[in-house]
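Residues per chain are reported as follows:
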Amino acid sequence: MFLVVVCLALNALLSTVLIVERQRTMKNSFYAIIILFALTMVVGNLCEIVFGIVIEGVEIHAPGINEASLLIDLIISYFSTILIFFLGLNRFAVFSSPRLNETLMNRKTLRYVLVGALVVSVVISVAVFELSGCKRVFESNVMVDYVENVIFMQISNYVFYAIPLVSSMFYLAVFNSLRRQRADAISSKTKSLLDSAERCSLRQGIWILTTYLVGLLFMIN
């Protein structure tokens, strides 16, 4: 519980800083997605704390509460994964595809897309929950999840692990695009900025690729 509270405090602090700075300097769509991602983590931490207090503190053990906590976990997990994909897509649109940036990453369109992503996450979570026969119980204050039909949960896990892996390719594409632009750079300052953007994009792509690839390998094994 202590670790969850720490995560909540850090995510809430990050969300606050991003929201304040967005009003001043960070006005592009990339930071809007990051803010939504951070707020999603805050909601997840809050729900975990609330369910922990209800189940462990007040000792209210009801199947409905357990199922609600599991369903919320699924929604947050799927939605945050989709947001990671859109972060990569945003970088690709900004640096490599101006047309995609104009059509998809403008404020109005992006708002509809993200709301749609949340709706899709809810629908998929409910479908996986029902089809898999998910069940969550607390045994000696330890959370244990059971699944009757494993195949549906496995399919959803493979799909949602693949989404960030695909998004890592966007960062690598951005890296190549920036590298090609270096030849057209005239001033040393421009070259320095391009070099910094290249390294940042490459690190982000490698980090996402490594994290989710390792997770996928563990899941397969």
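- In the annotation of an unreviewed UniProt entry, the protein is listed under the name G-protein coupled receptors family 1 profile domain-containing protein and assigned to Ancylostoma caninum.
- Check the Subcellular location (unreviewed entry) section of the UniProt entry for the protein; it says "Membrane".

## Some details on helix α5 (residues 107-132)
Part 1 of the argument: Between the first and last C-alpha of α5 there are 37 Å, a value that for 26 residues agrees with the 38 Å anticipated at 1.5 Å per step.
Part 2 of the argument: Within α5 the residues assigned to the buried category are Leu-110, Leu-114, Ala-117, Ser-121, Ser-125, Val-128, Phe-129 and Ser-132.
Part 3 of the argument: Remark: Gly-133 follows α5 within two positions and exhibits a positive phi of approximately 65°.

## Focus: a nonpolar patch on the surface
Part 1 of the argument: A cluster of nonpolar residues, Leu-131, Ile-151, Phe-152, Ile-155 and Val-159, forms a patch on the protein surface that exposes about 430 Å² of accessible area.
Part 2 of the argument: By residue number, the principal contributor to the nonpolar patch is helix α6 (residues 150-181), which donates four residues.
Part 3 of the argument: By the secondary structure assignment, Ile-155 is in helix α6.

## Regarding the nonpolar core
Part 1 of the argument: Ile-33, Tyr-78, Phe-86, Leu-89, Met-105, Leu-114 and Met-153 are the most contacted members of the largest nonpolar core, which has 24 residues in total.
Part 2 of the argument: Secondary structure elements with two or more residues in this core: α2 (29-57), α3 (63-96), α5 and α6.
Part 3 of the argument: The leading source of residues in this core is α3, at ten residues.
Part 4 of the argument: Among all residues touching Ile-33, those that are not within four sequence positions of it are Leu-83, Phe-86, Leu-87, Asn-90, Leu-110 and Leu-114.

## Overview of the environment of Trp-207
Part 1 of the argument: Among the secondary structure elements, Trp-207 is positioned in helix α7 (residues 188-220).
Part 2 of the argument: When its relative accessible area of 58% is taken as the criterion, Trp-207 is described as exposed.
Part 3 of the argument: Distance in space between the C-alpha atoms of Trp-207 and Ser-168 is 8.3 Å, their sequence separation being 39 residues.

## Observations regarding the pattern of salt bridges
Part 1 of the argument: Inspection of every chain in the model, using the stated rule, returns two salt bridges.
Part 2 of the argument: In this structure, Asp-73 and Arg-136 form a salt bridge, with 2.8 Å as the shortest nitrogen-oxygen distance. Linking Asp-73 in helix α3 with Arg-136 in strand β1 (residues 135-139), this pair joins segments that are 63 residues apart in sequence.
Part 3 of the argument: On the basis of relative accessible area, Asp-73 is assigned to the partly exposed category, the value being 33%.
Part 4 of the argument: Ionic pairing is found between Asp-145 and Arg-136, a salt bridge with its closest N-O pair at 2.7 Å.
Part 5 of the argument: Of the residues examined, Arg-136 reaches a relative accessible area of 5% and is grouped as buried.
Part 6 of the argument: Salt bridges linked by common partners bring Asp-73, Arg-136 and Asp-145 together as one network.

## Regarding the confidence of the model for the protein
Part 1 of the argument: When pLDDT is averaged along the protein, the result is 79, and 74% of the positions lie at 70 or above.
Part 2 of the argument: Confidence, expressed as mean pLDDT per element, reaches its minimum in the protein at α7 with 64 and its maximum at α5 with 92.

## Observations concerning the packing of aromatic side chains
Part 1 of the argument: All chains considered together, the criterion is met by five aromatic pairs.
Part 2 of the argument: Here Phe-85 and Phe-170 contribute two aromatic rings whose centre-to-centre distance is 5.5 Å and whose plane-to-plane angle is 65°, an arrangement assigned as edge-to-face. Residue Phe-85 is located in helix α3, and its partner Phe-170 is located in helix α6; the two are separated by 85 residues in the primary sequence.
Part 3 of the argument: On the basis of relative accessibility, which here comes to 22%, the residue Phe-85 falls in the partly exposed class.
Part 4 of the argument: Here the aromatic rings of Phe-92 and Phe-170 are separated by 5.5 Å at their centres, their planes lie at 35°, and the arrangement is tilted. Residue Phe-92 is found in helix α3, and its partner Phe-170 is found in helix α6; the two are separated by 78 residues along the sequence.
Part 5 of the argument: By way of ring pairs, the aromatic residues Phe-85, Phe-86, Phe-92 and Phe-170 are connected into one cluster.

Quick notes on the rules
- Residues numbered from 1 in each chain as written.
- Predicted model: local features only at pLDDT ≥ 70, side-chain atom pairs only at ≥ 80, totals over all residues.
- Heavy atoms only, no water.
- UniProt positions renumbered as here; feature names shortened; annotations may be inferred.
- Helix = DSSP H or I, 4+ residues; strand = E, 2+ residues; numbered from the N terminus.
- Expected span 1.5 Å × (residues − 1).
- Buried < 20%, exposed > 50% of the residue type's maximum accessible area, 1.4 Å probe, protein only.
- Patch = residues over 30% accessible without salt bridge, like charges linked within 9 Å, V, L, I, M, F, W, Y side chains within 5 Å.
- Areas by Shrake-Rupley, 256 points an atom, 1.4 Å probe, with all protein chains shown as cover.
- Salt bridge = Lys/Arg side-chain N within 4 Å of Asp/Glu carboxyl O.
- Core = buried A, V, L, I, M, F, W, Y, C linked by side-chain atoms within 4.5 Å.
- Contact = heavy atoms within 4.5 Å.
- pLDDT = per-residue confidence, 0-100.
- Phe/Tyr/Trp six-rings, centres within 6.5 Å; stacked < 30°, edge-to-face > 60°.

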